[in-house]
Amino acid sequence: MKDYKGVNPELGTEAELRALITAAHASGMKVIFDWVANHSAWDNAWVTQHKSWYTQDANGNIVPPNPDWSDVADLNFNNQDMRAAMIDAMVYWVREFDIDGYRADAAWGVDKAFWESAATALRAVKPVWMVAETQDQPDLLQNAFQADYGWHFKDMLYLMGGGAGTKTDFAK
């Protein structure tokens with residue numbers, strides 16, 4: 001994410017987002033946001049304003065979560081100020097825009113205590129629905145998330161469909 005409290009201008013304005021959420025709610029639908037807590041974009045203001053909020057190598061350079069993800073910067077969940085700012089941003093969208101929950105990208109890369117703290121703060125505003133991108137972490141379902149999914153399931157669907165080039169190839 002580039003800005004944890006900003007609407008991407010390519011997608012519209014805050015007013016348009018509010019209208020979309022209001023219309024969805026009026027139609028009986030819920031709105032959940034895709035949330036990336038594990039890492040941010042390199043052009044996120046936090047990179048320059050709060051360098052200590054990121055994981056750094058021995059030379060003080062901010063690093064990606066792993067070598068394959070060089071397009072993003074790894075957030076340092078040992079930093080309590082960063083954790084508080086992340087939760088504040090999540091609460092912002094629930095309080096200010098009335099969203100109904102989150103799909104947590106790479107939830108497996110963030111510790112259980114953070115997710116539990118975030119869920120507690122969010123549910124103090126209103127009941128929210130949380131789904132985690134994770135697998136083999138059932139403890140995240142105890143106090144933070146209501147549902148989860150992992151890549152094993154996607155792989156099973158892919159294999160059941162016969163692999164690449166079939167009508168059930170979900171990669172296309």
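Structural data are supplied above this passage.
Keep in mind that this is a model prediction, so the values were computed, not measured.

Trainee: Teacher, can you tell me more about helix H1 (residues 14-26) here?
Mentor: Each turn of an α-helix holds 3.6 residues, which means side chains three or four residues apart point in the same direction. Over its 13 residues, H1 runs 18 Å from end to end, which matches the ideal 18 Å to within 8%, given 1.5 Å per residue. Along H1, the residues that are buried comprise Leu17, Ile21 and Ala24. Taken down its axis, H1 places every buried residue within 60° of arc, on the same side. Summarising the geometry of H1, the exposed residues directed more than 90 degrees from the buried face are Ala15, Thr22 and Ala26. Those residues of H1 that are buried are in contact with strand E1 (32-36) and helix H3 (80-97). Gly28 occupies a position one or two residues after H1 and carries a positive phi of about 85°.

Trainee: Explanation requested: the nonpolar core in the structure shown.
Mentor: When a protein is soluble and globular, its nonpolar side chains tend to lie buried together. With 43 residues, the main nonpolar core has Tyr102, Phe114 and Trp115 as its most contacted residues. Those elements giving two or more residues to this core turn out to be H1, E1, helix H2 (45-49), H3, strand E4 (101-105), helix H4 (112-123) and strand E5 (129-133). Among residues more than four places away in sequence, those in contact with Tyr102 are Ile32, Phe33, Trp35, Ala89, Met90, Trp93, Val94, Leu122, Trp129, Met130 and Val131.

Trainee: What should I look at first to understand the pairing of E5 in this one?
Mentor: In the case of a regular strand, side chains alternate between the two sheet surfaces. Of all five residues in E5, four are buried, a share of seventy percent or more. Across four bridges, E4 lies against E5 in parallel orientation. Bridge assignment links Gly101 to a residue of E5, and that residue is Trp129. Once you follow E4 into H4 and on to E5, the crossover reads as right-handed. Here three bridges tie E5 to strand E6 (residues 147-149), and the two strands are oriented parallel to one another. Across the sheet, residue Glu133 finds its bridge partner in E6, namely Tyr149.

Trainee: Please clarify how the pattern of salt bridges should be interpreted in this entry.
Mentor: Close approach of charged atoms allows side chains of opposite charge to pair. Summed over the entire model, instances satisfying the criterion amount to 10 salt bridges. Measuring nitrogen to oxygen at the nearest pair gives 3.9 Å for the salt bridge that ties Asp43 to Lys2. Here Lys2 lies in the segment before H1 and Asp43 lies in the loop between strand E2 (39-41) and H2, a separation of 41 residues in the sequence. Residue classification places Lys2 among the exposed positions, given a relative accessible area of 54%. The partner of Arg83 in a salt bridge is Asp111, with the nearest N and O atoms 2.8 Å apart. With Arg83 in helix H3 and Asp111 in the loop between E4 and H4, this residue pair connects regions lying 28 residues apart in the sequence. Classification of Asp111 by relative accessible area gives partly exposed; the value is 30%. Taken together, the salt bridges that share partners define one network made up of Asp34, Arg103, Asp105 and Glu133.

Trainee: Help me understand a nonpolar patch on the surface in this model?
Mentor: On the surface, Phe153, Met156 and Met160 cluster together into a nonpolar patch covering about 380 Å² of accessible area. Structurally, Phe153 is set in helix H6 (residues 151-160). Given the relative accessible area of 49%, Phe153 is considered partly exposed.

Rules used throughout
Residues numbered from 1 in each chain as written. Predicted model: local features only at pLDDT ≥ 70, side-chain atom pairs only at ≥ 80, totals over all residues. Heavy atoms only, no water. Helix = DSSP H or I, 4+ residues; strand = E, 2+ residues; numbered from the N terminus. Expected span 1.5 Å × (residues − 1). Buried < 20%, exposed > 50% of the residue type's maximum accessible area, 1.4 Å probe, protein only. Arc of directions from axis to C-beta. Contact = heavy atoms within 4.5 Å. Core = buried A, V, L, I, M, F, W, Y, C linked by side-chain atoms within 4.5 Å. Pairing = 2+ DSSP bridges. Right-handed = clockwise from strand over helix to strand, strands pointing away. Salt bridge = Lys/Arg side-chain N within 4 Å of Asp/Glu carboxyl O. Patch = residues over 30% accessible without salt bridge, like charges linked within 9 Å, V, L, I, M, F, W, Y side chains within 5 Å. Areas by Shrake-Rupley, 256 points an atom, 1.4 Å probe, with all protein chains shown as cover.

Function cannot be read off these values alone, since they describe shape.
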